[in-house]
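Residues per chain, in single letters:
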Amino acid sequence: MIRKLIKSFSIFFLLVILTTVAIYFFFFTKPERIIYAVNRILDNQYSIQFQSAESYPKLLSPEFTYTNIKIIDDDRKEIFKADEIKIGISLLKSIINNFVYLNLLHIDNIEVI
């Protein structure tokens, strides 16, 4: 009985770890997917567009670079524009502190309208 319980908990724990790793690699190796998810969450009120995206998927501090990024509202007006945005997130500190902890935030040629 105890062996079955331990085996069940081990399988559950392994599935949670594998799911977490899969989600990590799904989003952090392709930064376009993050923008796509954000656009879906914003529900057509705003749209984020960019020319190119790169990621540097360090295990606990991934970094993303977006070039020629702009945010457009539902009336097709640009409300934010930047030549380049670099963002670095500390995952461990973000989870522990329950808010997003940025290691890096670099914005080139920002224009807020």
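A short tour of the structure in this document, coming up. (Residues numbered from 1 in each chain as written. Predicted model: local features only at pLDDT ≥ 70, side-chain atom pairs only at ≥ 80, totals over all residues. Heavy atoms only, no water.)

1. Description of a nonpolar patch on the surface
Taken together, V100, L102, L105, I107, I110 and V112 make up a surface patch of nonpolar side chains, about 550 Å² in accessible area. For L102, the location among the structural elements is in strand 5 (residues 102-112). L102 sits in the partly exposed class, given a relative accessible area of 38%. (Patch = residues over 30% accessible without salt bridge, like charges linked within 9 Å, V, L, I, M, F, W, Y side chains within 5 Å. Areas by Shrake-Rupley, 256 points an atom, 1.4 Å probe, with all protein chains shown as cover. Salt bridge = Lys/Arg side-chain N within 4 Å of Asp/Glu carboxyl O. Helix = DSSP H or I, 4+ residues; strand = E, 2+ residues; numbered from the N terminus. Buried < 20%, exposed > 50% of the residue type's maximum accessible area, 1.4 Å probe, protein only.)

2. Brief notes about the nonpolar core
By size, the foremost hydrophobic cluster in this structure holds 13 residues, and its most contacted members are Y66 and I69. Secondary-structure elements contributing two or more residues to this core are helix 1 (2-28), strand 3 (63-73) and strand 4 (78-89). The element contributing the most residues to this core is strand 4, with four residues. With residues near it in sequence (within four places) discarded, I69 still touches I48, Q49, F50, F80, K81, A82 and I85. (Core = buried A, V, L, I, M, F, W, Y, C linked by side-chain atoms within 4.5 Å. Contact = heavy atoms within 4.5 Å.)

3. What to know about the pattern of salt bridges
Under the counting rule described, the total for this entry stands at two salt bridges. One salt bridge in this structure joins E63 and K58, with 3.1 Å as the shortest N-O distance. With relative accessibility at 21%, the residue E63 sits in the partly exposed group. Linking E78 and K70 is a salt bridge whose minimum nitrogen-to-oxygen distance equals 3.4 Å. A relative accessible area of 26% places E78 in the partly exposed class. Using a relative accessible area of 27% as the deciding quantity, one classes K70 as partly exposed.

4. What about the packing of aromatic side chains?
Throughout the structure, instances matching the rule amount to one aromatic pair. Judged by centre distance (5.5 Å) and plane angle (70°), the ring pair of F50 and Y66 falls under edge-to-face. With F50 in the loop between strand 1 (46-49) and strand 2 (52-56) and Y66 in strand 3, the pair connects residues that are 16 residues apart, well separated along the chain. Among the residues examined, Y66 registers a relative accessible area of 5% and is labelled buried. (Phe/Tyr/Trp six-rings, centres within 6.5 Å; stacked < 30°, edge-to-face > 60°.)

5. Overview of the environment of L102
Along the sequence, L102 and I87 sit 15 residues apart, while their C-alpha atoms lie 7.1 Å from each other. Here L102 is in contact with I87, G88 and I89, once residues within four sequence places are set aside.

6. Regarding the side chain of S55
Counting through the fold element by element, S55 comes out in strand 2. Residues within four places of S55 in sequence aside, it is in contact with F28, T29, K30, P31, E63 and F64.

7. Some points on helix 2 (residues 31-42)
Across its twelve residues, helix 2 extends 17 Å between first and last C-alpha, which sits within 8% of the 16 Å expected from 1.5 Å per residue. Two residues or fewer after helix 2 comes D43, characterised by a positive phi angle close to 55°. (Expected span 1.5 Å × (residues − 1).)

8. Concerning the side chain of T65
On the secondary structure map, T65 appears in strand 3. According to the relative accessible area criterion, T65 is buried, its value standing at 8%.

9. What about unusual backbone geometry?
Phi angles above zero are rare outside glycine, and R76 is one such case at about 65°. By secondary structure assignment, the location of R76 is in the loop between strand 3 and strand 4. Overall, the relative accessible area of 63% leaves R76 in the exposed class. The phi dihedral of N98 is positive, around 65°, even though this residue is not glycine. Within the element layout of this structure, N98 appears in the loop between helix 3 (91-97) and strand 5.

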